[in-house]
Amino acid sequence: MQFSDPPRRKLSDSIVPMINVVFLLLIFFLMTAQIAPPMPFEVTPPNAAAQGDPTEADLTLYLSADGDLGYRDVRGPGALPALQQALIELCETGDCGDNRPTLILRADGAVEGALLARLMPQLAQAGFSQIQLVTVPK
């Protein structure tokens, strides 16, 4: 008596290549992503005529409504020296010369103008010649 061979199952497609592609994409996005430092505190920018978004910069100073300064994880009176040290380190790695980097100032809309005016000479003394104030369009 002759028995027929049992029917063979069709081999399913392997998902290993798809897993490899997913891991490669994950590695790509992790390597190319820019992780921004957290804001030291929440600020609500003042309203102004729309002039476009400021360019993202390495040097961003935060000014709260009560006049508290913040740079990366440093808050209070130590923020300005930390910012100045970051400028020095940035200029050591690249030639700043006359082309100093622009400081992005994210000030709260409720901050008094006199406080902002007192801050400007301190920033100039720290070595910043260009300061860009972040605003939101009306």
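Read on for a plain summary of the structure. (Residues numbered from 1 in each chain as written. Predicted model: local features only at pLDDT ≥ 70, side-chain atom pairs only at ≥ 80, totals over all residues. Heavy atoms only, no water.)

Taken together, the side chains of Ile 15, Met 18, Ile 19, Val 22, Phe 23, Leu 26 and Leu 30 present a nonpolar region at the surface, about 710 Å² in accessible area. As for its position among the elements, Ile 19 is in helix 1 (residues 16–32). (Patch = residues over 30% accessible without salt bridge, like charges linked within 9 Å, V, L, I, M, F, W, Y side chains within 5 Å. Areas by Shrake-Rupley, 256 points an atom, 1.4 Å probe, with all protein chains shown as cover. Salt bridge = Lys/Arg side-chain N within 4 Å of Asp/Glu carboxyl O. Helix = DSSP H or I, 4+ residues; strand = E, 2+ residues; numbered from the N terminus.)

Turning our eyes to something else, we now look at the packing of helix 2 (residues 79–93) against helix 3 (residues 113–126). Axis separation between helix 2 and helix 3 bottoms out at 10 Å; the angle between their running directions is 35 degrees. Crossing hand, helix 2 versus helix 3: right-handed. Seen from helix 2, the contacting residues are Leu 80, Leu 83, Gln 84 and Leu 87; seen from helix 3, they are Gln 122, Leu 123, Gln 125 and Ala 126. In the contact of helix 2 with helix 3, the residues fall into five nonpolar, three polar and no charged. (Axes fitted to C-alpha atoms, helices over the stretch in contact; angles between N-to-C directions. Left-handed = near helix turned anticlockwise from the far one by under 90°. Contact = heavy atoms within 4.5 Å. Nonpolar A, V, L, I, M, F, W, Y, C, P; charged D, E, K, R; others polar.)

Spanning 15 residues, helix 2 covers 21 Å between terminal C-alpha atoms, matching the ideal 21 Å at 1.5 Å per step. Turning to helix 2, its buried residues are Ala 79, Leu 80, Leu 83, Ala 86, Leu 87 and Cys 91. Seen end-on, helix 2 carries its buried residues on one side only, within an arc spanning 130 degrees. Within helix 2, the exposed residues directed more than 90 degrees away from the buried face are Glu 92 and Thr 93. (Expected span 1.5 Å × (residues − 1). Buried < 20%, exposed > 50% of the residue type's maximum accessible area, 1.4 Å probe, protein only. Arc of directions from axis to C-beta.)

For the rest of this paragraph, the subject is the sheet that holds strand 4 (residues 74–75). Read from one edge of the open sheet, five strands run 4-3-2-5-6, paired in mixed fashion. Here the strands that pair on one side only, and so sit at the sheet edges, are strand 4 and strand 6 (131–133). On the sheet, helix 2 packs against strand 2 (60–63), strand 3 (69–71), strand 4 and strand 5 (103–107) and is oriented at approximately 35 degrees with respect to strand 3. (Pairing = 2+ DSSP bridges.)

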